[in-house]
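Take a look at the letters that make up each chain.
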Amino acid sequence: MDKHQAEKRLKELRLLLEDYGYHYYVLDTPKVPDSEYDRLMNELLQLEADYPDLVTEDSPSVRIGGPPAPSFKKVAHRVPMMSLSNAFNEEDLRAFDRRVRQAVGEHVSYVCELKFDGLAVSLTYENGKLVRGATRGDGTIGEDITNNLRTVPAIPLRLKQPYSIEVRGEAYMPKASFERLNEAKEQAGEEKFANPRNAAAGSLRQLDPKIAAKRNLSLFAYSIGEVEGKNVQTHFDSLMFLKELGFKVNEEAAKCETIEDVIAYTEKWSERRHELPYEIDGVVVKVNSLADHEKLGFTAKSPRWATAFKFPAEEVLTVLRDIELN
Ligand SMILES: NC(=O)c1c(N)nc(OC2CCCC2)nc1O[C@@H]1CCC[C@@H]1O
């Protein structure tokens, strides 16, 4: 095959692998068998090896990871990545609702999202191309982990529409991947990870993208830091927009018209969290109207328009269950 034919075939392969990867890792609905995906990826890798100058930054081959970085550069977040105030019980949620209604009036509605227990990251796209990925760090300064995040299949290398946008999400390791990783660590006599959050953070905050690529990480997008040329009125519309762009957005995000609905949502998922293939440590409650976000503003650390309802830690529940049983 000559270079011109190779360039044409590489373009075809990139589009095929991008589409198959999107269906497999974002929609969880595989379009082709793994063997077909692997065959096409191997053909792409072979052609890129034969014609190195034809490799592009958004080529699916970056998913397998390039050479290790000597160190992580620091990154300043243009829009700070805030933390969340906590609510531990129904009374705390009602107090949050009262404060919100005092500031913005009685007609306020919420969005509830599962609180994924992973590593908060920021993804920057210019004209639809992923140009930078960073950890949250202290909310103002994070670490540039772009090459590690490029290996996460659920993170689009190219958006479905060419927006310049900064997106926040939680990188996480599914429970099954965590169990398999710790089994392999045990076999190798290596120290195991304590929980999937540490495993995800440990996988992304090490310097070798080839290691990150093997850790079966994923990401749920949950917020827009800033975007050019797009106006959305509500947080729920932001989530739908992120989904349109090709991000994995959690299906359990729900509009809650009243705090009663919010409390019901927290009770439902406190019971059912063990059914999920990923760990959550609570529910994030956000005022839906973005105009109300403006009115409510921020404290020094966190938005007044959101709070995190925390589930009691699992081990506490286990002890309580033991006491009840004995
Ligand atoms: N962990 C999560 O699932 C989650 C979420 N679903 N939604 C948000 O919304 C941001 C936007 C405004 C302030 C918090 N944050 C989340 O996690 C954050 C990352 C850093 C502190 C919180 O854990």
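Residues numbered from 1 in each chain as written. Predicted model: local features only at pLDDT ≥ 70, side-chain atom pairs only at ≥ 80, totals over all residues. Heavy atoms only, no water.

**Description of the pairing of strand β10 (residues 280–287)**
- Judged by how many residues are buried, β10 sits mostly within the fold: eight of eight residues are covered.
- The pairing of strand β3 (residues 110–116) with β10 spans seven bridges and is antiparallel. From the neighbouring strand, C112 faces β10, where its bridge partner is V285.
- Of the strand pairs in this sheet, β10 and strand β11 (residues 306–310) are connected by five bridges, and their pairing is antiparallel. Within the sheet, the bridge partner assigned to V284 lies in β11 and is A308. (Buried < 20%, exposed > 50% of the residue type's maximum accessible area, 1.4 Å probe, protein only. Helix = DSSP H or I, 4+ residues; strand = E, 2+ residues; numbered from the N terminus. Pairing = 2+ DSSP bridges.)

**Some words on the sheet that holds strand β9 (residues 254–256)**
- Spatial ordering of the open sheet is given by β2-β11-β10-β3-β9, a layout of five strands whose pairing is mixed. Of all the strands in the sheet, just β2 (86–87) and β9 have a single pairing partner and so form its edges.
- On top of the sheet, helix α3 (residues 90–104) reaches β2, β3, β10 and β11; it is set at about 175° to β11, its chief contact.
- With respect to the sheet, helix α8 (residues 235–245) is in contact with β3, β9 and β10, its orientation differing from that of β3 by roughly 55°. (Contact = heavy atoms within 4.5 Å. Axes fitted to C-alpha atoms, helices over the stretch in contact; angles between N-to-C directions.)

**Thoughts on the packing of α3 against helix α9 (residues 259–272)**
- The geometry of α3 relative to α9 is characterised by a closest axis approach of 10 Å and an angle of 145° between their N-to-C directions. The hand of the α3/α9 crossing is right-handed. Contacts between α3 and α9 involve E90, L93, R94 and D97 from the first element and I259, E260, V262, I263, T266 and E267 from the second.
- Taken together, the residues that form the contact of α3 with α9 break down as four nonpolar, one polar and five charged. (Left-handed = near helix turned anticlockwise from the far one by under 90°. Nonpolar A, V, L, I, M, F, W, Y, C, P; charged D, E, K, R; others polar.)

**Details of the packing of helix α1 (residues 3–26) against helix α2 (residues 34–50)**
- For the pair α1 and α2, the least separation of the axes is 10 Å and the interaxial angle reads 145°. As for how α1 packs across α2, the hand of that crossing is left-handed. Here A6, R9, L10, L13, R14, L16, L17, Y20, G21 and Y24 of α1 come into contact with α2, specifically with D34, Y37, L40, M41, E43, L44, L47 and E48.
- Each residue belonging to the contact of α1 with α2 can be placed in one class, and the counts come to twelve nonpolar, one polar and five charged.

**Concerning the confidence of the model for the protein**
- Of all residues in the protein, 96% attain a pLDDT of 70 or more, and the chain-wide mean is 95.
- In the predicted assembly, ipTM is 0.98 and pTM is 0.94. (pLDDT = per-residue confidence, 0-100.)

**Here's the deal with unusual backbone geometry**
- The backbone of D28 shows a phi angle near 55°, a positive value even though the residue is not glycine.
- Locating D28 in the fold gives a position in the loop between α1 and α2.
- Even without glycine at this site, N127 takes up a positive phi of about 50°.
- Inspection of the secondary structure assignment puts N127 in the loop between β4 (119–126) and β5 (129–135).
- The exposed category is assigned to N127, whose relative accessible area is 57%.

**Topic: the state of the cysteines**
- Summed over all chains, the structure comprises zero disulfides.
- Of all cysteine sulfurs, the one in C256 lies closest to C112, which takes part in no disulfide; the gap is 3.6 Å.
- According to the relative accessible area criterion, C112 is buried, its value standing at 0%. (Disulfide = S-S within 2.5 Å.)

**So, the nonpolar core**
- Ranked by internal contacts, the top residues of the largest apolar core, which has 36 residues, are I165 and F247.
- Looking at this core, the elements with two or more residues in it are β4, β7 (165–172), α5 (175–187), α6 (196–204), β8 (218–227) and α8.
- It is α8 that contributes the most residues to this core, five residues altogether.
- Once residues lying within four places of it in the same chain are set aside, the contact partners of F247 are V26, L123, Y125, P156, L159, V167, A221 and L242.
- One finds L93, C256, A306 and F309 within the second-largest nonpolar core, a separate group that totals 29 residues. (Core = buried A, V, L, I, M, F, W, Y, C linked by side-chain atoms within 4.5 Å.)

**Regarding the sheet that holds β8**
- With antiparallel pairing, the four strands of this open sheet are ordered in space as β5-β4-β7-β8. Each having just a single partner strand, β5 and β8 make up the two edges of the open sheet. Going from strand to strand, the sheet's axes swing by 25° on average, the running direction of each strand aside.
- Sheet topology places β4 next to β5; six bridges connect them, and they run antiparallel. Within β5, the position partnered with E126 by the bridge is K129.
- Sheet contacts for α8: β7 and β8; angle to β8, the most-contacted strand, approximately 115°.

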